[in-house]
Structures are given as structure tokens and as C-alpha cells.
Amino acid sequence: MTAGSPERRIIVGILMDMDRGTFMSEAIASGVRCAPADINRSFITREVKGVTERRITIDYIIDSVARTKTSRQDSMIRSVLRMAVYELVFEDGIPQHAAVNEAVELVKRSKHRELSGFVNGVLRNINRNRDGFTSSFYKKTEIIYSIPKWIFERWKIEFGFNEAENMAKASLAERKLTARVNTRLTDMVALTEMLDSSGTEVVPLSENKNAFVLSGVSDLTSLSAFREGFFYVSDLSSQAVVDSAGIKPGDEILDICAAPGGKSVTAAILTGDKGKVVSCDLTPRKVLLIEENIKRLKLTNVEALLNDAKVLKNDFIERFDIVLADLPCSGLGTIAHKPDVKYRVKESDIAGLAAAQREILGTAARYVKMGGRLVFSTCTVDLTENRKNAEWFLESHPDYELIASEQRFITESYDGFFYAVFRKRDL
């Protein structure tokens, strides 16, 4: 990278956009949308994600040496410093002088050029004490693992210190891209040969014969196998939830909060041509995401609908063999690949989210046939949103029985998630 490299200008712009409240994924997409074709997109994505997941640690390091603390800095200066400190402390592949010089050069070329000396001094001070910062300058768990204190304390109370620390540590581990074969169009053997020929490595996963880890590609759309719908990206937690439903060929399935449609797709493949999936979400933009997935994967047994999951839909009553209710939640189980979530969610949000889940579950329960199943799932690890709501459901719906449930914690392979499978019985 040369001084003032366009990649770093884009990274700083993305971080400033996130300072204004934009989601990380949207900020990255917007930041690279109009970039030159030869821009290093994987470098940009890696840096932005790294800065975001390590932000608490990075800010602690900056505040240890800077006269003006990060909370009072201009967004541009704060973003430049965060990027440079991430490179100095956490990125082994970038020369230290390059990290400092790039940051200073960016400030010199901005309207804040008079602060280039401040940035230079802060970064050189941090670089001189680099080994100290990584070994003994910070001791608190929330700073070491860059996790908001309220999250760690809540996990510690609910699951114990060891599990809380394990999850915090795992949330910083590099995540592998997992996917699933579209068995309506191909099989694992043929897909592996196709991807191998394009230089993409496929590693099948023992826990699911149709799932695999994908590596060696930075842009999925560059792969003809992806464009033609032979596979789709699906994290292991999502796959485990759908597999827990016990879907049979010919089942009619409702996915009540479906976007972007990964669970609907898996369900459609499992139920086959004689079955059907009705895939719903609340906004036109989300329904469009579902439709794009359906079209790319060439699935003819999925119908995407605009629907408010809280409002009873009369023509859905007692219609479905299986209802998938993957409900809005805090999302704290996903912080390994969506690190901005841990800064967006507040502890005060939890009670409201749990109440909204109960409202949707009450409606979804009306849609299940006698003998059918309701699968309640979330992508969090919070007891209020998970186990306590499953207990509430059983207490308030005596016509249902629990037949399976699982709480997965955040690991290096899995997101944190919960599911409970309820069967509707004849009283």
C-alpha cells in the first residue's frame, strides 16, 4: 500500500459512516460500491471488521496516551487512529512505519491537517509501547476481549465466568465461511469438482453431509457455481435450527420472519416439489432479499409474502405442518461476524425484545396443524429471550409439548443460538 492509499481512505470513510449509526455491512457495501475495480476489497473488509470487533481495546489504548480522549475526538481523527492502532497492535502483516505514515498522510490531506502532529505523536507513543499494551497494560476482561461490560456481566451471571470468557474469546476468532449444497440442482461431489477447478477450496463438514467450509474466494459473485445457484451461504446455527424441525417431503411450511431467506431455502430443499414454503417478512426490502435468493437458487416451491408476524392472518390458521419462528432478538450470538451488534444493543432493549417474541409466538401458534411443529429460534444466548420465553410458551399454550431444545454458546465454529421445537397435540 502506498502513502494515502485509496483502501485506507475508504476504510476511514466506512468507519465514519458507522459513527453516524450505519450498520457495518451496509457501510462496507456503500464504501466499496463506487470504488475502482482494482481496489483491494478483502483488505478493506478485514480492516473494518477488525477495528469494529476490537474497538473497546483500541479506544482504551488510544485513551491511555492521548490528551484528547476518543469520545471527544472528531470522527475523522478517531477513525484514523482506530485504523492505525488496529494495524499496529493486531495486524502482523503490516509494517509499523507504514501504519503510522499512512494515518498521518491521511490527516495531512484532510481539513484537519493541523492535527497531523497530534496523530503522529499518539501513534508513535503507542508503537513504542506496543509490547506493553499487548501484555500488561490492560487487565479487565471487557477490555481484553473488547466486549461491553454489561454483556459480559450478564453472561457471567447466567452461565458462569468460564463460559462467559469462552464466548468473549471465541467472538474474536476468525470465522470460516460456511455454505450448503443446493441438492435440487447438484450434489457435493459435483459441486466440489466445480469449485476446485476455480481455485476455491471446499472442506465438507462431518456434522452435516450437505454443509461445507469455503475458502480461497473474496467475492462469491465471481464464482459461476454461486451465480447459478448450486450452493448458498448458510451459517451452521441456521442449518441446525432447520434440521431440528424434522421436515419431510411434502410438508407445507411457514417461515414467519424469513429475510434474507436462508432457512426458507433449506426448508424448501428438504420438503421438495410436493411441498411448499411460505416465506414472510415485514418490509418490501426484506421480501425482495428473499425473492433474490429464491430466483438464484431456482426454487419453484417458495412463495415470498409481505406480512406482519404480530397480526393474525386468517388464511394461515391451522394450515401448516411446520412453522419456523426465527424471531427478532438482541443478536448477541452473532457478534463474531457482526461485531457492531455488541455496541448497538443496550441491556434495556432485552425486555422489549422478549415481549415482542411472545407476541409473535402467540400468533404463530395459531398457524400450526394438529400434530404439526412450531420451531422457535433466536440468534442470541440470553436466557430472557430464549429459555424463559420457551417456558412461557408452554405455560400459556397447554395444547403444545416440548419435543426438543438446545442452547448453543458462541464457539470458534458456531454462532450462539437457541431453538425449541414444540408439537401441537390434541387435548
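Attention in this report is confined to the structure presented alongside it.

Calculation notes
Residues numbered from 1 in each chain as written. Predicted model: local features only at pLDDT ≥ 70, side-chain atom pairs only at ≥ 80, totals over all residues. Heavy atoms only, no water. Helix = DSSP H or I, 4+ residues; strand = E, 2+ residues; numbered from the N terminus. Rg over C-alpha atoms; globule rule 2.2 N^0.38 Å. Buried < 20%, exposed > 50% of the residue type's maximum accessible area, 1.4 Å probe, protein only. Contact = heavy atoms within 4.5 Å. Areas by Shrake-Rupley, 256 points an atom, 1.4 Å probe, with all protein chains shown as cover. Core = buried A, V, L, I, M, F, W, Y, C linked by side-chain atoms within 4.5 Å. Phe/Tyr/Trp six-rings, centres within 6.5 Å; stacked < 30°, edge-to-face > 60°. Lys NZ or Arg CZ within 6 Å of the ring centre and 35° of its normal. Salt bridge = Lys/Arg side-chain N within 4 Å of Asp/Glu carboxyl O. Pairing = 2+ DSSP bridges. Right-handed = clockwise from strand over helix to strand, strands pointing away.

### A word on the overall build of the protein chain
A tally of helices and strands in the protein chain yields 19 helices and eleven strands. For 427 residues, the compact-globule formula gives about 22 Å, and the C-alpha radius of gyration of the protein chain, at 24 Å, lands near that figure. For the protein chain, the residues scored as buried account for 53% of the 427 residues in total. Residue pairs at least 24 apart in sequence account for 73% of intrachain contacts in the protein chain once pairs closer than 6 positions are excluded. Per element, the accessible surface of the protein chain, about 19,200 Å² overall, is 50% carbon and sulfur.

### Digging into the nonpolar core
Formed by 43 residues in total, the largest nonpolar core has its most connected members in Ile14, Ile44, Val48, Leu81, Val85, Val119 and Leu123. With ten residues, helix H5 (residues 75-90) is the largest single contributor of residues to this core. Membership of the second largest hydrophobic core comes to 31 residues, among which are Leu205, Ile247, Leu297 and Ile322.

### Considering the packing of aromatic side chains
What the rule picks out here adds up to 13 aromatic pairs. Their ring planes at 65 degrees and their centres at 5.9 Å tell us that Phe212 and Phe231 sit as a pair that is edge-to-face. With Phe212 in strand S3 (residues 208-215) and Phe231 in strand S4 (residues 231-233), this residue pair connects regions lying 19 residues apart in the sequence. In this structure Phe212 comes out as buried when scored by relative accessible area, which is 0%. An aromatic cluster is present here, built from Trp392, Phe393, Tyr400 and Phe422 joined pairwise through their rings. Sitting over the face of the ring of Tyr343, Arg55 holds its NZ or CZ atom 3.8 Å from the ring centroid. Lying across the ring of Phe23, Arg344 places its NZ or CZ 3.6 Å from the centre.

### Description of helix H10 (residues 149-159)
Every buried residue belonging to H10 is among Trp150, Ile151, Phe152, Arg154, Trp155 and Phe159, and all of these are buried. Buried residues belonging to H10 abut helix H9 (141-144), helix H11 (161-170), helix H17 (341-344) and helix H18 (349-364). A positive phi of about 95 degrees marks Gly160, the residue just after H10.

### Here's the deal with the pattern of salt bridges
Counted under the stated rule, the structure contains 27 salt bridges. Between Arg82 and Asp19 there is a salt bridge, with its nearest N and O atoms 3.6 Å apart. Highlighted residues: Arg82 in helix H5 and Asp19 in helix H1 (residues 6-19), separated in sequence by 63 residues. With a relative accessible area of 9%, Arg82 lands in the buried category.

### Things to note about the pairing of strand S5 (residues 252-255)
Here S5 shows a buried face lined by Glu252 and Leu254 and a second buried face lined by Ile253 and Asp255. For S5 and strand S6 (residues 276-281), the ladder comprises four bridges, and the chain directions are parallel. Bridge pairing in S6 links Leu254 to Val278. Viewed along the sheet, the connection from S5 through helix H15 (residues 262-271) into S6 turns out right-handed. Sheet topology note: the S5/strand S8 (residues 320-326) ladder contains three bridges and is parallel. Looking at S8, one finds that Asp255 is bridged to Leu324.

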